[in-house]
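Listed here are the chains, written in short residue letters.
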Amino acid sequence: MSQQSPHEDGRRATFCRICESFCGLEAEVSGGRIRALLPDGANPHSQGQLCPKGTSFLDVLYDPDRVLTPLRRTGGPGEFTPVSWDEALADIADRLASVLRRDGADAIAAYLGNPNWFGVSAAMSSQPFLAHFGVWKTFSSVTQDAAARLLASHILYGSAFRMPIPDLPRCDFLLAIGANMLVSHGSVLTAPLLREDLDAIAARGRVVVVDPRRTETAGRYEHIFVRPDTDAWLLGAMLNVIFQEGLAQLQGLAQSTVGWEQLRDAVQFLTPDIASDHCGIPAAQIADLARTFAHTPRAVAYGRTGTCRGRFSTLINVFICALNIVAGKFAVPGGWVFGDSPLEGAMPFPSGFEFRETRLGAKPYVGNNLPFGFLIDDILTDGPGRTRALIVASGNMVLTAPGGRELEQALDSLDVFVSLDLYVTETNRFADYILPCTTFLEREDIPLTGLAHMIRPFIQYSDKVIAAVGEARDEHDVWNELAAKLHAHLCAEIGNSRYCHASAPHFEPMAVMDALLRGGGVKVRDPAGVEQPLSIELLKRYPHGLTLADNLTCSNSWSKISHEDGRAHLWNALLDPELERMRATPVAGPGELRLFGRRAPLSINSWMHNSSRLVKSQFPSLMMNSADADARGILDGQRVEVCSISGSMQVSVTVSDEIIAGAVCYPHGWGHRGGWQRANATQGANVNELASKTPGDMLSGSTLLDGIAVTVRRIAEESARTG
Ligand SMILES: Nc1nc2c(c(=O)[nH]1)N[C@H]1C(S)=C(S)[C@@H](COP(=O)(O)OP(=O)(O)OC[C@H]3O[C@@H](n4cnc5c(=O)[nH]c(N)nc54)[C@H](O)[C@@H]3O)O[C@H]1N2
Ligand SMILES: Nc1nc2c(c(=O)[nH]1)N[C@H]1C(S)=C(S)[C@@H](COP(=O)(O)OP(=O)(O)OC[C@H]3O[C@@H](n4cnc5c(=O)[nH]c(N)nc54)[C@H](O)[C@@H]3O)O[C@H]1N2
Ligand code: SF4
Ligand SMILES: [Mo]
């Protein structure tokens, strides 16, 4: 079956790129418009699985509030006038050129938001542009969701870009820490049939969820309540029990790792009793969990964002990997393994971590990301080398990152601020230009970010389903044109190869992708049964996608370690001060409240709240345990003020024993006041105004988002504002 071309009527196979599941979609096209988005039952990977965000994406594609021409700021924040692409790009190029002439690349910063990683066009072209002009002040959503995980990978495996995944199809015991997999649909994990996979594990074994809230995932399986930001104690104590009770795989550790004795000594003080005081889990349960984990042959510990945004996130992520390795669950079926990406052979895996000297001191630089707070300070602090120009690609930091009003002030003070987006957002309302980009339905792609994290190796190519709506352009076209106006041509440097003008005269990310696939070393059979290297051409012959293997190899994970000695490093001197800091941390006192986040099935971070069918049933509220509500005289539904050292918000309360006492919980991505009218009309506050720009985990620079110390007090009805 051959691929149809854009505009052709009929049913078109493609895939969703909102989250990491990359579910197969079928688009019904007539007259050049998509009339419906349906689950693709013929997609062998997702087999008809699709969540309501996928089917509702037409609300974004044809949103009357979507930006469809370049906009130039002509007044206060949010006041824009349409301009032509030529005019916009010429003026942006002039302004960037004068910043470069005057202050050099130090004065330019970039923020790449979450959707940037969900498409070949953006992911493969933003870096070449920034690298060409020497822009190193790069920031992203990673500081808000995974920097600690990347740093742990650098420490253990020698590359921040190597992240293991749990081999769920063959595992009998899943310990999920700080991950709400049934709502998020998995992160650093591509498994569109996740519910089926978890149900199957629970049927043959156990799924144990460690979370301060009885989430949708915890409620369906086994749940252990933990106090926010205390997993380091739980995991350290589990490791200690495993070492103390002779459950560690010492022979394997001696052969294939270094630093395991240091790890063993480091956690020696962490008895289950001490851990229990901190995390609130009974000591006997901690010890039992450690024993069961070690004794189950096919077990795996997996953590996600709830382990990446506290004060000890690097330590926690090292402990999770170490738990798997020490108990012999690494590189085995059902355990903790590296995925089998078809790009593997063509991709380099550099260390991805250093302390970078900046004019405001040394900062961790994790996977090319600086701590977000540094961006704010760097813009607002006078002196040579200060950031004067900012390019944001698919990011909405005012609602997703820390900084609050100070961030807004910084954004409004820039000489040049350009945003590539679909909407006028809370962030780019301060921009000089908004450049309208295509959505995933208007561009060709492969599930790039998912390839290394698929529990069942799979790949799919989708052409654009329809031509770009309005004047929207693919990200790579924007970067290309901007580069051309600055008399530059983009090239991608990948490993020792340089891909310039992959299809001259224009830098074509998909042509680079094709070269990488061909060079990746994976061979597959074409529909006629002839073995061929993987290529885009070949993938076009499988419109619903191609299964590359039924299972992961697993045993090859040791060979994917990037350290020169080929071993996993279970300890690093960087962790010594972290451990000391942990030892000096007191147990949470009575009456203390820690704020953490939650996701909703019908939301995706900050940007699908303009879809009526998705938001009409969503009423964000502060979840609070009844004991904490009673102690403060707060009733269900009442309005409260929540204060941290960084800011405050007024919200309504849901009293619920779904949440542990001593904590409160509020979703992020609300408090809209951009150009999205339906979103602006939603209730809800911007929880990130309570987040500090000073990192919680100094080592990785991660933002403290889960475990923010807050106070909550009831506000008199008459002074309650909506929001
Ligand atoms: N308190 C708290 N804060 C959090 C979190 C939390 O749990 N709690 N979660 C964090 C996490 S995990 C993340 S990943 C970050 C996300 O943080 P960001 O990446 O900063 O924000 P998003 O909400 O994903 O917004 C993405 C922007 O991209 C635009 N966009 C969508 N698709 C496209 C596209 O195809 N092209 C272009 N050019 N633009 C597009 C949207 O309109 C939106 O403005 O938020 C983080 N912030
Ligand atoms: N529906 C929906 N799906 C999404 C997104 C979305 O916004 N909406 N966002 C996407 C993105 S960008 C990402 S990164 C992924 C995230 O994927 P996940 O990490 O699986 O999703 P979260 O809901 O953030 O899960 C984090 C869990 O950690 C818990 N938690 C908070 N603090 C702690 C703690 O200190 N210890 C422990 N053990 N748990 C804690 C929270 O209660 C929450 O249940 O989801 C993706 N998928
Ligand atoms: S689970 Fe994720 S990829 Fe699948 S339809 Fe929903 S948003 Fe799209
Ligand atoms: Mo994320």
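Residues numbered from 1 in each chain as written. Chains lettered and ligands numbered in written order. Predicted model: local features only at pLDDT ≥ 70, side-chain atom pairs only at ≥ 80, totals over all residues. Heavy atoms only, no water.

Enquirer: Would you mind showing me how to read the sheet that holds strand β4 (residues 71-73) here?
Expert: The strands making up a sheet associate through hydrogen bonds between their backbones, and the pairing can be parallel or antiparallel. Taken together, seven strands build an open sheet; the order of strands is β5-β4-β19-β18-β17-β6-β7 and the sheet is mixed. Taken across any chain shown, the strands that pair with only one partner, and hence form the sheet edges, are β5 (80-82) and β7 (137-140). Between one strand and the next, the sheet's axes are offset by a mean angle of 20°, whatever the strand orientation. Relative to strand β18 (residues 416-421), strand β17 (residues 389-393) is paired through five bridges, and the arrangement is parallel. If you follow Val392 over to β18, its bridge partner there is Ser419. (Pairing = 2+ DSSP bridges. Helix = DSSP H or I, 4+ residues; strand = E, 2+ residues; numbered from the N terminus. Axes fitted to C-alpha atoms, helices over the stretch in contact; angles between N-to-C directions.)

Enquirer: I would appreciate a short explanation of the state of the cysteines in the present structure.
Expert: Linking two cysteines covalently through their sulfur atoms gives a disulfide. Enumeration over the complete set of coordinates arrives at one disulfide. The side chain of Cys491 participates in a disulfide bridge whose partner is Cys500; the two sulfur atoms lie 2.1 Å from each other. With the S-S bond torsion at 115°, the cross-link from Cys491 to Cys500 turns out right-handed. According to the relative accessible area criterion, Cys491 is buried, its value standing at 15%. The class for Cys500 is partly exposed, based on a relative accessible area of 31%. Among the cysteines around Cys279, which has no disulfide bond, Cys308 carries the closest sulfur, lying 18 Å off. Judged by relative accessible area, which is 0%, Cys279 ranks as buried. Free cysteine: Cys643, not disulfide-bonded; nearest cysteine sulfur from Cys665 at 18 Å. When its relative accessible area of 26% is taken as the criterion, Cys643 is described as partly exposed. (Disulfide = S-S within 2.5 Å. Buried < 20%, exposed > 50% of the residue type's maximum accessible area, 1.4 Å probe, protein only.)

Enquirer: What am I meant to see in the site of ligand 2 here?
Expert: Taken together, 30 residues form the shell around ligand 2, and within it Asp211, Asp229, Asp231, Arg599 and Ser603 come nearest. The backbone of Gly178 places a nitrogen or oxygen atom 3.4 Å from a nitrogen atom of ligand 2. In this structure, a nitrogen atom belonging to ligand 2 sits 2.9 Å away from a main-chain N or O atom of Ala600. Taken by itself ligand 2 offers 920 Å² of open surface, and the protein chains cover 97% of this. For the shell around ligand 2, the elements supplying multiple residues, two or more each, are α7 (181-184) and β10 (206-211). Across the shell around ligand 2, the residue classes break down as eleven nonpolar, eleven polar and eight charged. (Near = heavy atom within 4 Å. Polar contact = N/O pair within 3.5 Å; in protein donor to acceptor, adjacent residues only side chain to side chain. Areas by Shrake-Rupley, 256 points an atom, 1.4 Å probe, with all protein chains shown as cover. Nonpolar A, V, L, I, M, F, W, Y, C, P; charged D, E, K, R; others polar.)

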